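One letter stands for each residue in the lines below.
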Amino acid sequence: MRLVFAGTPEFARVALQALKEAGFDIALVLTQPDRPAGRGMKLQASPVKAYALEQGWPVAQPRSLRLDGKYTEDAASAKAALEAANADAMVVAAYGLILPQWVLDTPRLGCINIHASLLPRWRGAAPIHRAIEAGDAVTGVTIMQMDAGLDTGDMLLAESLDIGDDNTARLHDRLAALGGRLVVQALRQAEAGTLVRTPQPAEGVTYAHKVEKAEARIDWAQPAEAIVRRIRAFDPFPGASSDLDGETVKLWAADAAPSAPGAVPGTILAATPTGIAVAAINSVVTLSELQRPGGKRLAAADFLRGFDIKPGQVFGLPDA
């Protein structure tokens with residue numbers, strides 16, 4: 001089967017590698033334009049582009065695919081490349097551009113998306129973060145036939161996995177591997193003519209809105225369990241944070257416990273090598289991994305060697 005692949009981050013690169021190892025013919029790879037990154041803000045290729053170039057595959061990086069939009073030349077060039085690829089199907093994973101109808105219609109079998117949730121729950125840009133933040137016990141991957149809506153197409157395959165105590169980084173890697181395996185399975189079924197399309201149910205729709213940096217600051221006037229979920233959800237991006245003694249401290253790992261009734265939210269109750277206990281609403285968050293500006297992520301014991309923290313100090317609230 002001859003494929004076009006569209007994707008940008010590491011989640012997509014894992015799927016592209018799975019397709020290559022399964023023996024599919026990759027005729028063209030679409031990915032986002034190079035972006036500035038790192039301390040020097042030099043242009044860097046996406047993980048998908050870097051992998052595609054290693055394999056010697058042709059790569060296109062249009063800024064838009066809208067033929068009537070701002071970057072019409074980019075879109076027209078991409079259209080010519082897609083038509084020349086003469087693909088049976090296009091596999092899409094975390095690409096980052098909206099696909100107009102002409103793209104959906106170009107491959108013989110249309111466009112197939114790897115989505116990191118059990119649709120229709122968590123349609124949208126950040127399904128991994130939002131599943132953890134919401135306290136979901138289970139998530140998964142859905143292979144979906146794309147249509148013009150936002151993750152509204154028919155489901156082709158789906159498989160669940162338990163979230164456990166994963167943060168976004170760990171869950172991302174597990175879902176990426178699952179997505180690569182499932183999309184290969186779906187394409188094999190398509191080759192055999194046994195692939196079944198199932199419309200998404202109308203009930204249970206939720207939206208995983210893009211995570212913004214402004215969400216990173218912890219509101220201590222919440223239950224400890226909600227705060228701990230947010231810390232896990234925002235690891236590695238954008239990284240949960242709170243202000244202490246004029247510094248913005250990143251919070252990377254924590255546990256929740258009951259008690260501390262009546263304590264002012266954000267108040268440090270104890271600072272020991274095993275963790276820094278902070279009051280939340282009728283509960284306690286014990287921080288076990290933190291980071292100062294410009295520093296490294298450190299276990300609480302190491303963090304306390306360089307930051308003199310005492311009971312009674314108060315982490316700032318979002319509106320402080």
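Scroll up a little and you will see the structure.
All values derive from a computational prediction rather than experimental measurement.

What counts as what
Residues numbered from 1 in each chain as written. Predicted model: local features only at pLDDT ≥ 70, side-chain atom pairs only at ≥ 80, totals over all residues. Heavy atoms only, no water. Phe/Tyr/Trp six-rings, centres within 6.5 Å; stacked < 30°, edge-to-face > 60°. Buried < 20%, exposed > 50% of the residue type's maximum accessible area, 1.4 Å probe, protein only. Lys NZ or Arg CZ within 6 Å of the ring centre and 35° of its normal. Pairing = 2+ DSSP bridges. Helix = DSSP H or I, 4+ residues; strand = E, 2+ residues; numbered from the N terminus. Contact = heavy atoms within 4.5 Å. Axes fitted to C-alpha atoms, helices over the stretch in contact; angles between N-to-C directions. Left-handed = near helix turned anticlockwise from the far one by under 90°. Nonpolar A, V, L, I, M, F, W, Y, C, P; charged D, E, K, R; others polar. Arc of directions from axis to C-beta. 1 Å grid on protein atoms, 1.4 Å probe; cavity = no way out; pocket = protein on both sides within 12 Å on 5 of 7 lines; lining within 4 Å. Points joined across faces, edges and corners; volume = space filled by probe spheres on them. Right-handed = clockwise from strand over helix to strand, strands pointing away.

Participant: Honestly, the packing of aromatic side chains in this entry has me stumped. Any pointers?
Facilitator: The geometry of two aromatic rings is summed up by the distance between their centres and the angle between their planes. Under the defined criterion, the tally for this structure stands at 3 aromatic pairs. Between tyrosine 51 and tryptophan 57, the ring centres sit 5.9 Å apart and the planes meet at 70°, which makes this aromatic pair edge-to-face. No difference in accessibility class separates tyrosine 51 from tryptophan 57, as the two residues are buried. Over the face of the ring belonging to tryptophan 102 we find lysine 79, whose NZ or CZ atom lies 5.8 Å from the ring centre. Here the basic side chain of arginine 297 rests over the ring of tryptophan 252, its NZ or CZ set 4.1 Å away from the ring centre.

Participant: I would appreciate a short explanation of the sheet that holds strand S5 (residues 59–60) in the present structure.
Facilitator: Whenever strands of a sheet pair, they do so through backbone hydrogen bonds, lying parallel or antiparallel. Reading across the sheet, the 7 strands line up as S5-S2-S1-S6-S7-S9-S10 and stay open at both edges, with mixed pairing between neighbours. On the outer flanks of this sheet lie S5 and strand S10 (155–162), each paired with one strand and no other. Examined bridge by bridge, strand S1 (residues 2–7) and strand S2 (residues 25–30) share 5 bridges and lie parallel to one another. Directly across from alanine 6, in S2, lies its bridge partner leucine 30. Of the strands in this sheet, S1, strand S6 (89–93), strand S7 (111–115), strand S9 (138–145) and S10 touch helix H6 (residues 168–192), which is tilted by about 150° from S10.

Participant: Looking at this model, I keep getting lost on the side chain of serine 283. Mind explaining?
Facilitator: The residue serine 283 is located in strand S16 (residues 283–291) in this model. We classify serine 283 as buried; its relative accessible area is 7%. Leaving out residues up to four positions away in the same chain, serine 283 has contacts with Pro223, Ala224, Ala257, Pro258, Ser259, Ala260 and Val278.

Participant: Is there a simple way to explain the packing of helix H1 (residues 10–21) against H6 in this structure?
Facilitator: The description of two packed helices rests on the angle between their axes and on the distance between the axes. With their axes 8 Å apart at the nearest point, H1 and H6 run at an angle of 35° to one another. Crossing of H1 against H6: the hand is right-handed. In this structure, H1 uses Glu10, Phe11, Val14, Ala15, Ala18 and Leu19 to contact H6, whose residues at the interface are His172, Leu175, Ala176, Ala177, Gly180, Val183, Val184 and Leu187. The class makeup of the residues in the contact of H1 with H6 is 11 nonpolar, 2 polar and 1 charged.

Participant: Help me understand helix H2 (residues 47–55) in this model?
Facilitator: What sets the pattern is the α-helix's 3.6 residues per turn: residues three or four places apart point alike. Of the positions making up H2, those classed as buried are Val48, Lys49, Tyr51 and Ala52. What you see down the axis of H2 is that its buried residues fit within an arc of 165°, all on one side. Seen from the open side of H2, the exposed residues pointing more than 90 degrees away from its buried face are Leu53 and Glu54. Elements in contact with the buried residues of H2: S1, H1, S2 and S5. Glycine 56 lies just past H2 and shows a positive phi near 80°.

Participant: Explain the layout of surface pockets here, please?
Facilitator: To find the voids left in a structure, one rolls a probe of water-molecule size over its atoms. Estimates place the volume of the largest pocket at around 1700 Å³. Lining the largest pocket are 45 residues, and of these Pro9, Ala94, Tyr95, Gly96 and Ala125 sit closest to its centre. Taken together, the residues that form the lining of the largest pocket break down as 27 nonpolar, 13 polar and 5 charged. Each pocket or cavity is described by its volume, and for the second largest pocket that value is around 190 Å³. Together, 14 residues line the second largest pocket, and Asp165, Arg170, Arg232, Ala253 and Ala254 are the ones closest to its centre. Elements with a contribution of two residues or more to the lining of the second largest pocket: helix H7 (224–233) and strand S13 (247–258). Per-element accounting of the lining of the second largest pocket gives the leading share, 5 residues, to S13. Split by residue class, the lining of the second largest pocket holds 6 nonpolar, 1 polar and 7 charged.

Participant: Looking at this structure, how should I read the environment of leucine 157?
Facilitator: Assignment of secondary structure puts leucine 157 in strand S10. On the basis of relative accessibility, which here comes to 15%, the residue leucine 157 falls in the buried class. Separated by 44 residues in the primary sequence, leucine 157 and asparagine 113 place their C-alpha atoms 11 Å from one another. Once residues lying within four places of it in the same chain are set aside, the contact partners of leucine 157 are Val141, Thr142, Ile143, Leu182, Gln185, Ala186 and Gln189.

Participant: Sorry if this is basic, but what is going on with the pairing of S1 here?
Facilitator: In terms of burial, S1 is largely enclosed, as 5 of its 6 residues are buried. Of the crossover connections in this fold, the one passing from S1 over H1 to the parallel S2 is right-handed.

Participant: Explain the pairing of S13 here, please?
Facilitator: In regular strands, side chains alternate between the two faces of the sheet. With 5 bridges connecting them, strand S12 (residues 240–244) and S13 associate as antiparallel partners. Among the inter-strand pairings, alanine 240 is bridged to a residue of S13, identified as leucine 251. From the end of S12 to the start of S13, which pair antiparallel, there are 2 residues, and aspartate 245 there has a positive phi angle of about 55°.

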